[in-house]
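Fold and geometry: a report
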Amino acid sequence: QTTFTFQTTFERAGERFLDATLTYTTGEGSTRTAERTTPIDVEAATVDPTLEASLESDDGSPAIQATLDQFGNVALRDVQLQTLRDGELVSRTTLQDVRRGGRQAVTLDGSELSPGNVTLVAAFTAAGDRQTVRETLQLTSDVGLTVDRGMADETNVLTAELRQFGDIPVRDVRLRAEHDGQTVARATISDVPGGESRVGILDAGAIPPGNVTVVADYRVGGERHVTRE
């Protein structure tokens, strides 16, 4: 037994017929032909794709998780995924074909994303036509800094909490305490994912009496920012 697989399309839905012709040579050298006609119930082509995207953390680095689903009954071919920032092209990547009822997922670098609208556009060919589907992410950044004085290991310290109320991770964070314009203490904290906070400890033992300002210097997307408390 041998099975042959062919791909074909039909111009119209409804009952159609496939004519199969098999030509072969017998062991005695005679050429023979077998024919068969098979009725096929052809469904109308439906294209029903959805594109979903979210900002996630991939091994500690911000990333966009994009998923293209095809709920229709034809494949999505020649798929190109574009990332646009305020209408300008940021990146372009190629996805594998999405079979009927299937999906393709991809992880895109989001380390340089800044607050604003990020639009993903998936372009593909389905049922003979070039089509697109898109999804927009509204990315926000709202960083807050709070400072408390306390004790740690019998030492006066300043506890600084940096919180990102928005979506975009806060990275490369540096803390410093300033007294009369001079830096008197420094500390670093790990990156702050969206919706989370991190705490840094500044040694207050060497800080002179008077007003002290704690400064958080950090990066959101491709830009550095400063927050004071």
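To be clear, the structure that these remarks concern was listed above.
A brief look at the structure comes next. Source: prediction; values computed, not measured.

A few words now on the side chain of Gln-104. By the secondary structure assignment, Gln-104 is in strand β7 (residues 103-109). Separated by 3.5 Å, the side chain of Gln-104 and the backbone oxygen of Asp-97 make a polar contact. Excluding residues that lie within four positions of it along the chain, Gln-104 makes contacts with Ala-66, Thr-67, Leu-68, Leu-95, Gln-96, Asp-97 and Val-98.

Right, let's talk about the sheet that holds strand β9 (residues 129-139) for a bit. Hydrogen bonding along the main chain pairs the strands of a sheet, whether they run parallel or antiparallel. Taken in spatial order, the four strands line up as β6-β5-β8-β9 in an open sheet, and their pairing is antiparallel. Either end of the sheet is taken by a strand with one partner, and the two such strands are β6 (88-95) and β9. Strand-to-strand twist in this sheet, taken as the mean axis angle between neighbours without regard to direction, amounts to 20°. Looking at chain direction, strand β5 (residues 77-85) and strand β8 (residues 116-126) are connected through seven bridges and run antiparallel. Residue pairing for β8: Leu-81 is matched across the bridge by Ala-122.

Picture a little ball the size of a water molecule; that probe, rolled over the atoms, points out where space is still empty. In this structure, the largest pocket spans a volume of roughly 710 Å³. Along the wall of the largest pocket there are 24 residues; nearest its centre are Thr-8, Thr-9, Phe-10, Asn-73 and Val-74. When residues of the lining of the largest pocket are traced back to their parent elements, those giving at least two are β2 (31-42) and β8. For the lining of the largest pocket, the per-class residue count stands at 11 nonpolar, six polar and seven charged. Estimates place the volume of the second largest pocket at around 460 Å³. Counting residues per element, the ones that place at least two in the lining of the second largest pocket are β1 (14-25) and β2. The element that contributes the greatest number of residues to the lining of the second largest pocket is β1, accounting for five residues.

Most of the time, phi is negative for any residue but glycine, and the peptide bond is trans. In this structure, Asp-86 is a non-glycine residue whose phi angle is positive, near 55°. By the secondary structure assignment, Asp-86 is in the loop between β5 and β6. Despite not being glycine, Asp-180 has its phi angle at roughly 55°, a positive value. Take Asp-180: it is sitting in the loop between β12 (170-179) and β13 (182-188).

Quick look at the nonpolar core now. Ranked by internal contacts, the top residues of the largest apolar core, which has 43 residues, are Leu-120 and Leu-162. The element contributing the most residues to this core is β8, with five residues.

Rules used throughout
Residues numbered from 1 in each chain as written. Predicted model: local features only at pLDDT ≥ 70, side-chain atom pairs only at ≥ 80, totals over all residues. Heavy atoms only, no water. Helix = DSSP H or I, 4+ residues; strand = E, 2+ residues; numbered from the N terminus. Polar contact = N/O pair within 3.5 Å; in protein donor to acceptor, adjacent residues only side chain to side chain. Contact = heavy atoms within 4.5 Å. Pairing = 2+ DSSP bridges. Axes fitted to C-alpha atoms, helices over the stretch in contact; angles between N-to-C directions. 1 Å grid on protein atoms, 1.4 Å probe; cavity = no way out; pocket = protein on both sides within 12 Å on 5 of 7 lines; lining within 4 Å. Points joined across faces, edges and corners; volume = space filled by probe spheres on them. Nonpolar A, V, L, I, M, F, W, Y, C, P; charged D, E, K, R; others polar. Core = buried A, V, L, I, M, F, W, Y, C linked by side-chain atoms within 4.5 Å. Buried < 20%, exposed > 50% of the residue type's maximum accessible area, 1.4 Å probe, protein only.

Purely geometric stuff here, so don't read any function into it on its own.
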